[in-house]
Amino acid sequence: MKCYTFSRRSGFVSIVHIKGNRVVLRDLTVDDLDDLFYWNYEATDREHLKWNGPYYKRPSLGRQEFKEKFKADFTNIELNQPRKILVIEVDGRLIGTVNWYWEDEVTNWLSNGIVIFDSRYWAGGYGTEAFQLWTDYIFESMNVVRVGISTWSGNVRMMKLAEKIGMIEEGRIRKARIVDGEYYDSIKMGILREEWEHMKRKTP
């Protein structure tokens, strides 16, 4: 049974803590930043970098520069604004993050994403549950019309994950991405609010 706790009082700050059967989605903390830096720049297991937008040039950042990137996220927590990033946790261990960004704020259209850093958790339903909880949080916390993803045709796992939570393929730009010297299609998938609401009504 899933337990949703979107707001918990902690002093003057409202904390997001969403508990599923396998994972917990929770607010980012300052202590998490060293873990995030480790998984992005130091870990032996960085297989996730081969799948999460490998066609973008990854900036080479020092630890302090990397931490500066999250200032706005901590401001969102302090102001109790909808979170743009949450940590995925299993048994108290940080294994990944979920996030979103605007595609077009005028039309209330955003894209969400997920990365599981620790490849030992790439099976067993951890990503599926985390991504469903995250998508639910977005629709329940924000007045958005649609939520989507952007990926590439080589990332079959991401496409299947998006399909599991109700997204459909809406656009395919052929040979728009190059990964390891080979061309791949750019993929857009999405779900509308009314489709998400219909799915929620059908879920026991």
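Residues numbered from 1 in each chain as written. Predicted model: local features only at pLDDT ≥ 70, side-chain atom pairs only at ≥ 80, totals over all residues. Heavy atoms only, no water.

Chemist: Which residues make up the overall build of the protein, and what are the values?
Modeler: The number of helices and strands found in the protein is six helices and nine strands. Expected size for 204 residues packed as a compact globule is a radius of gyration near 17 Å; at 17 Å, the protein falls within 12% of this value. Here the C-alpha coordinates of the protein stretch approximately 50 × 45 × 35 Å along the principal axes. Looking at the protein as a whole, 43% of its 204 residues qualify as buried. Within the protein, contacts between residues at least 6 apart in sequence are counted, and of these 58% link residues at least 24 apart. Averaging the positions of the 31 positive and the 30 negative side-chain charges in the protein gives two centres separated by 2 Å. (Helix = DSSP H or I, 4+ residues; strand = E, 2+ residues; numbered from the N terminus. Rg over C-alpha atoms; globule rule 2.2 N^0.38 Å. Buried < 20%, exposed > 50% of the residue type's maximum accessible area, 1.4 Å probe, protein only. Contact = heavy atoms within 4.5 Å. Lys, Arg positive; Asp, Glu negative; His and termini not counted. Charge placed at Lys NZ, Arg CZ, Asp CG, Glu CD.)

Chemist: Got a sec to walk through the environment of Ser-150? Specific residues and values, please.
Modeler: Along the chain, the position of Ser-150 falls in strand 7 (residues 146-152). Here Ser-150 falls in the partly exposed class, since its relative accessible area comes to 32%. Here the alpha-carbon distance between Ser-150 and Asn-112, two residues 38 residues apart in the chain, equals 8.3 Å. Look past the residues within four positions of Ser-150 in its chain and what remains in contact with it is Tyr-101, Glu-103, Ser-111, Ile-187 and Lys-188. In terms of polar contacts, Ser-150 uses its side chain to reach the side chain of Lys-188, at 2.5 Å. (Polar contact = N/O pair within 3.5 Å; in protein donor to acceptor, adjacent residues only side chain to side chain.)

Chemist: Describe the nonpolar core, listing the residues and the values that go with them.
Modeler: The biggest cluster of nonpolar side chains holds 35 residues, and the ones touching the most others in it are Leu-25, Ile-88, Ile-114, Phe-131, Trp-134, Ile-138 and Met-167. Secondary structure elements with two or more residues in this core: strand 2 (13-19), strand 4 (85-90), strand 5 (93-104), strand 6 (109-116), helix 4 (126-141), strand 7, helix 5 (156-164) and strand 9 (182-192). With seven residues, the single largest contributor to this core is helix 4. In contact with Leu-25, not counting residues within four places along its chain, are Val-16, His-17, Ile-18, Leu-86, Val-87, Ile-88, Val-98, Ala-130, Leu-133 and Trp-134. With 15 residues, the next largest nonpolar core counts Leu-28, Ala-43, Ile-85 and Val-87 among its residues. (Core = buried A, V, L, I, M, F, W, Y, C linked by side-chain atoms within 4.5 Å.)

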